[in-house]
Amino acid sequence: MGDGGWVACDPRLDEHDPRRVLAYLEYKDSVVYVLSVRDHLGVVEFHSLPDALAAVDALLDGTPGEAGLRPAARLR
């Protein structure tokens, strides 16, 4: 996507499958913003990229709330 921006994908799905995209991530002003495509939770903010990636990994398991990818995880 560019500097500081990533697309998190489900590696189990074919690269042409539109369901492959899990979330969009952006690092800006020392915050990682995650927009989940699957769960429509809005933008969730994290203090670090490892924390954001752990939450995105939970989307693969279907447990976004347990890993912190939920509206309560917002920093603001």
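Because the structure is predicted, anything quoted here is derived from the model rather than measured.

## Observations concerning the sheet that holds strand β4 (residues 43-46)
Okay, so step 1: Strand order in the open sheet formed by four strands is β1-β2-β3-β4, and the pairing between neighbours is antiparallel. The open sheet is flanked by β1 (5-9) and β4, the only strands paired with a single partner. Averaged over all pairs of adjacent strands, the angle between strand axes in this sheet comes to 25 degrees, irrespective of strand direction.
Okay, so step 2: Looking at chain direction, β1 and strand β2 (residues 21-28) are connected through five bridges and run antiparallel. Residue pairing for β2: Trp6 is matched across the bridge by Leu25.
Okay, so step 3: Relative to β2, helix α1 (residues 49-61) is tilted by about 170 degrees, and along the sheet it contacts β1, β2, β3 (31-36) and β4.

## Quick word on the environment of His47
Okay, so step 1: Within the fold, His47 resides in the loop between β4 and α1.
Okay, so step 2: Exposure remark for His47: the relative accessible area of 62% places this residue in the exposed category.
Okay, so step 3: In this structure the C-alpha to C-alpha distance between His47 and Val32, which are 15 residues apart in sequence, comes to 6.3 Å.

What counts and how
Residues numbered from 1 in each chain as written. Predicted model: local features only at pLDDT ≥ 70, side-chain atom pairs only at ≥ 80, totals over all residues. Heavy atoms only, no water. Pairing = 2+ DSSP bridges. Helix = DSSP H or I, 4+ residues; strand = E, 2+ residues; numbered from the N terminus. Axes fitted to C-alpha atoms, helices over the stretch in contact; angles between N-to-C directions. Contact = heavy atoms within 4.5 Å. Buried < 20%, exposed > 50% of the residue type's maximum accessible area, 1.4 Å probe, protein only.

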